[in-house]
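Coordinates in review
Residue strings, one per chain:
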Amino acid sequence: MYHGKYEANAKGQRNPVRENQPARKKAPAAPKKRKKTLGTKIFYTCYVLMLLAAAVGIWYGHGLLTDFLMDFEASQPDTKCQEVFDRYFADPDWNEVYSLLDPAVLGPITQEEFAMYMENTVEGRELTYTKTSAGLTGGRKYILRLDGENLGTFTLMNSVTNELEIPDWKLDAVEVFVTAKEYTTVMADYGNKVTVNGMVLNEDHAIRTTSTVAEEYLPEGMIGPRTITYYVDGLLNAPEVTITDAAGNAVEMIYDAATQTYTQIPADAPAQIPEKAAKFVEEATKSYCRFMVNAGSEGQLKKYFDGSSETYKTIIRSDDRWLQDYKTYNFGVPTFTDYCSYTEDFFSVRIAMDLLVTRKNNTVKTFSVDSTYFVRAEGNDWIVTEMTNVDVAKVLTEVRLTYKQENKVLSTQMISTEAASLQTPDVTVPQGKVFSGWFTQSVDEVGNTTYTRMFQPDENGAVQLPTGYTLEPMVLYALFEEAK
């Protein structure tokens, strides 16, 4: 059936038909949802795990890198030197610093001396440091500065030799500049204990000793009054001196600031001879006088004088009696001097007493005794072992002479101040020079050194001293000059 230009719709109405109009397409159907497969689940699980692993790896690597950078920074010498400075010198424990120093450089300086010196030096002042050249050592060197003055140094060295490893800079050496310029002289009785800054002095420090002629008459092992003078230099701190006797009691001293000398105060007065001992010596002298004028016997003499002694034998063998005959005699008043007790059982004393003899022609002859007796206890009494007219109280002095060449000690000796000659040690003369002699050295306040020639020995090293010359303690230096 021909519809023409109109097409009937469902209700019988006609709709116009447009020419060349495409046919209508049907709307696509909605896609159907697919169910997730096992493979997809595994994929996404692995993907998430990989992301987590990457995150953990980045976090861990960042930590390692941070630690590495921190270690690297800490290993740098500029960082390490600050650490060392803070550890030892920012608030220093000088006893600990002492343990870091070279003992060969310290010499006799004790830990207590060093700590006291450094505390006194640094107290109230600012301690800093600055970098300096370490030369060819490969290390890093820093100067300790105290208010602009150099106090010391410390050096760091890298303990790692592998260039691919992180350097490890460690403290290698510490040096502290100390000025040991303090000194003192101490004179004390022999046998007393002398300490300077806690150091006990011994005979190596002695520069002068005194004794008396009396020791020539004493039994072996017994000594008379002695003094010993010590000299100590190279002290870090102002000297603190103590003297104690054999019982440990402190001994009083006097101090001379001009010479920096401490001297033990002597006894206020010489010891006095006990009355019983004085009476014995007086009776011994009277017995001797009687024998010398034929008024006494050998038996009476032997009551007071040791019969085995040379003194007794000399008296009885003497043919030079004072008188062979007399009318009367009497004694003057004795005087006692130079009493000295060596032990509880031995002493010496000098007695002066006159014997006045009236001869048969009624003239008076005076004989004087002025002798020193050495007396030993024997039982409840005494006995004379020696009698001499020698001045046994005369002081004998020895002084120390030390010979040096280029600060090396060639010889040191104690020698009498009354010596007539010296024997000096041999010296090694440098090539092209000649020996100029032995000189003393002095340094003024600004550090200028002056040498004074004291001795010019002969070719055998002997020195003849002028008459009346008195030796003093000296350190003598060998000096040389260019050969002509």
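Since this is a predicted model, take the numbers as computed values, not measurements.

1. Observations concerning the environment of E398
With respect to the helices and strands, E398 occurs in strand β20 (residues 395-405). By relative accessible area, which is 35% here, E398 ends up partly exposed. In sequence terms E398 and R208 are 190 residues apart; their C-alpha atoms lie 5.6 Å from each other. If sequence neighbours within four positions are ignored, E398 has contacts with I207, R208, T209, M414, I415, S416 and T417.

2. Digging into the packing of aromatic side chains
By the definition in use, this model includes 25 aromatic pairs. Note on Y288 and W322: the rings are 5.7 Å apart at their centroids and 90° apart in plane angle, and the pair reads as edge-to-face. Within this pair, whereas Y288 is found in helix α6 (residues 275-292), its partner W322 is found in the loop between α8 (310-317) and β15 (328-331), the two being separated by 34 residues in sequence. Exposure remark for Y288: the relative accessible area of 13% places this residue in the buried category. Taking relative accessible area as the criterion, W322 reaches 22% and is therefore assigned partly exposed. Considering the side-chain rings of Y403 and W438, the 4.9 Å spacing of their centres and the 75° angle between planes classify their relative orientation as edge-to-face.

3. Re the sheet that holds strand β5 (residues 149-158)
Pairing is antiparallel in the open sheet, where 4 strands are placed in the order β3-β4-β5-β6. If you trace the sheet from one side to the other, it starts and ends with β3 (127-132) and β6 (169-176), each paired once. With direction set aside, neighbouring strand axes in the sheet form an average angle of 25°.

4. Points about the confidence of the model for the protein
Considering every residue of the protein, the mean pLDDT works out to 87; 88% of them sit at 70 or more. For the stretch residues 1-13, pLDDT sits under 50, and the model shows 15 contacts to residues farther than four places along the chain or on other chains. Across residues 68-74, confidence stays below pLDDT 50; counting only partners more than four residues off in sequence or on other chains, it has 6 contacts.

5. Thoughts on the nonpolar core
Within soluble globular proteins, side chains that are nonpolar generally end up buried alongside one another. Ranked by size, the top nonpolar core spans 30 residues in total, and within it V281, Y288, F305, F347, Y373 and V375 carry the most contacts. Elements with a minimum of two residues in this core: α6, α8, β17 (346-358), β18 (364-378) and β19 (381-388). Residue contributions to this core peak at 9 residues, all from α6. When sequence neighbours within four positions are dropped, the list of residues in contact with V281 reads F336, F347, V349, I351, Y373 and V375. Counting residues in each nonpolar core, the second largest holds 27 residues, with F114, M118, L144 and L151 among its members.

6. Let's talk about the sheet that holds strand β9 (residues 199-200)
With antiparallel pairing, the 3 strands of this open sheet are ordered in space as β9-β8-β12. With one partner strand each, in any of the chains shown, β9 and β12 (241-244) form the two edges of the open sheet.

7. Structural notes on the side chain of T184
Tracing the chain through its elements places T184 in strand β7 (residues 182-189). Look at T184 and you get buried, because its relative accessible area is 1%. Engagement of the side chain of T184 in a polar contact is seen with the backbone oxygen of Q260, the distance being 3.0 Å. Beyond its immediate sequence surroundings of up to four residues, T184 is in contact with V196, Y230, Y231, V232, P239, V241, Q260 and Y262.

The rules behind these values
- Residues numbered from 1 in each chain as written.
- Predicted model: local features only at pLDDT ≥ 70, side-chain atom pairs only at ≥ 80, totals over all residues.
- Heavy atoms only, no water.
- Helix = DSSP H or I, 4+ residues; strand = E, 2+ residues; numbered from the N terminus.
- Buried < 20%, exposed > 50% of the residue type's maximum accessible area, 1.4 Å probe, protein only.
- Contact = heavy atoms within 4.5 Å.
- Phe/Tyr/Trp six-rings, centres within 6.5 Å; stacked < 30°, edge-to-face > 60°.
- Pairing = 2+ DSSP bridges.
- Axes fitted to C-alpha atoms, helices over the stretch in contact; angles between N-to-C directions.
- pLDDT = per-residue confidence, 0-100.
- Core = buried A, V, L, I, M, F, W, Y, C linked by side-chain atoms within 4.5 Å.
- Polar contact = N/O pair within 3.5 Å; in protein donor to acceptor, adjacent residues only side chain to side chain.

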